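Close look at the chain arrangement
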Amino acid sequence: FGIRAVLVVTVTLSPVTAAAWSGNDVTGEDAYPPLWDLAPENLLDFPVKDNKIVISAWNYQERLGVYKSLLNASAKYFSAFGSQNSGNILWGLPLQHGWQFRTGRLADHSGVTSCGYENGELLCLSVRSWWSCMNYYLAIIPFLGAVEAGLFEELPYEIEILPPEEQKDDFCYSVKDCWSRMPKLMDDWKAFFEHKAVNSANFSSFKLDDALGLMWKAHTTSIAYALPKFQDSLKYLSGPEANFGEDWADAVDFIAATHFSTDLLTTNNFQAFLPQRMLVEGDVIPFISDFSPEQNKVLVTLRALHRANKLTGGLLLKLWQKAMSTEAGRKRGRELIESLASS
C-alpha cells in the first residue's frame, strides 16, 4: 500500500513539483514578504498599554511583526542551517502571509468595506477574508505557543491581541484565553518551540527532521481546526478561488508528510509558481491566459489531488502518510520531488 500511494501521488504531484523546483532562486528584496523591513523587529517594538504588549493582529504590518519576532527569537537554533537565519524553518509562515497580501487575498471580498484595498485601508486584514482568518491560526496561535514555551524568555509584560470588529468568538486573544479555548493547538505549537529550547543546550542533538515533524504537525492541526470554522467565508470568493483555497488546505497535509523544508530559499522556490492574483469567475484551469503554464499546472495538480483524496474518503492521504512514516521514506519523497523537477 505504501508503494502504491507513492506512485499515485507522484503522478498527481509531478506538475507542481516540476514547476516549483525548475524556477530560478529568488534573491534580494523579492525573497522577503512585502514591507518586511518596516515590520516590528521584536516584541518591545509594539505599543505597551496597561502593562501589556498590545498587538493588532488585523493589521498586516503588525501580524508581520509577530512573524519577525518569532524568526529573530528562534534564529540561534538554526544558525547551522544557513547564514542570516535563512535556514530557519519558520520562514514558510511569513512568506505565505506575504504572498496572500501581495495577491489581494487578505482584503474584504464581501464588498462591504475598503479593508485591504489600495484606495482604502491597504494594511487592513479583513475578518471577512477566508485567507486572513485561516492565517490567524498560523500566526497568532504559533506566536502565543512560543510565548508559553519561553521562546522570548522572561517578558516584562503580558501579551494582548486586539480582536476584530466582528466574529470575535472565532479567535482567541491571549495565552490564557487560547489555552482554555483551543488547548490542542496551543499544545502542539508549544511542543515545537520547546523541542528547540531543549535541544539548544546540546546543539549536536538538534535534528532538523524532528523539528520539521513537530512544526508540520502543529501546522496541519491549525488548518484542520480553522477550516470548518471559516467555511462560510468562502461564499465571498469566486468559485475558482474558493476551490483553490480548499485545494491548498488539503495539499498541505501531503506536503507536511514529507517534512518538507520551509526555509527561506526552499519556500520561495516552491511558492513562486502559486497564482499571483486571485482567481475570478471565468478562470478555467489549465487555460488561464495570464498565468504561466507552470501556474496553471499547479492549480490542476492541487484540484486533482483534492478530488482524488475526497473520492477515496481520505485513503489517498493515509497511504501517502504511511509511505512517508520513516525518515528514509520522507527522504525518498523529497528526492522524488526534486528528481521529477530536474528531469
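Within each chain, residues carry numbers counting from 1 in the order of the written sequence. Side-chain atom pairs in this predicted model are given and counted only at pLDDT of 80 or more, local residue features only at pLDDT of at least 70, and totals for whole chains, interfaces and linings cover all residues. Hydrogens are left out, water is left out, and the side-chain values use all remaining heavy atoms of the structure.

Inclusion rule: UniProt positions are given in the numbering used here, feature names are shortened, and annotations may be inferred rather than shown by experiment.
Identification of the protein as LEG1H protein from Toxostoma redivivum is taken from an unreviewed UniProt entry. Regarding the protein, the UniProt comment filed under Sequence similarities (unreviewed entry) reads as follows: "Belongs to the LEG1 family." Entered under Subcellular location (unreviewed entry) in the UniProt record, the comment concerning the protein runs "Secreted".

**Observations concerning the pairing of strand β2 (residues 52–56)**
Our working rule: Using a 1.4 Å probe on the protein chains alone, a residue whose accessible area is under 20% of its type maximum counts as buried, one over 50% counts as exposed, and one in between counts as partly exposed. In DSSP terms, a helix is any run of H or I states spanning at least four residues, a strand is any run of E spanning at least two, and both are numbered starting from the N terminus. Following DSSP output, two strands are said to pair if at least two bridges run between them.
Buried residues dominate β2, accounting for 4 of its 5 residues. Pairing between strand β1 (residues 48–49) and β2: 2 bridges, direction antiparallel. Within the sheet, the bridge partner assigned to V48 lies in β2 and is I53. Adjacent in sequence and paired antiparallel, β1 and β2 are bridged by 2 residues, among which D50 carries a positive phi angle near 50 degrees. Across 5 bridges, β2 lies against strand β3 (residues 158–162) in parallel orientation. What sits directly across from V54, in β3, is E160.

**What to know about the state of the cysteines**
For clarity, the cut-off: A pair of sulfur atoms, both from cysteines and within 2.5 Å, is called a disulfide here.
Tallied over the full model, the rule gives 2 disulfides. In this model, C115 is linked to C124 through a disulfide, with the two sulfur atoms separated by 1.9 Å. The chirality of the disulfide connecting C115 with C124 is left-handed, given an S-S dihedral of about -90 degrees. On the accessibility criterion, C115 (6% relative accessible area) is buried.

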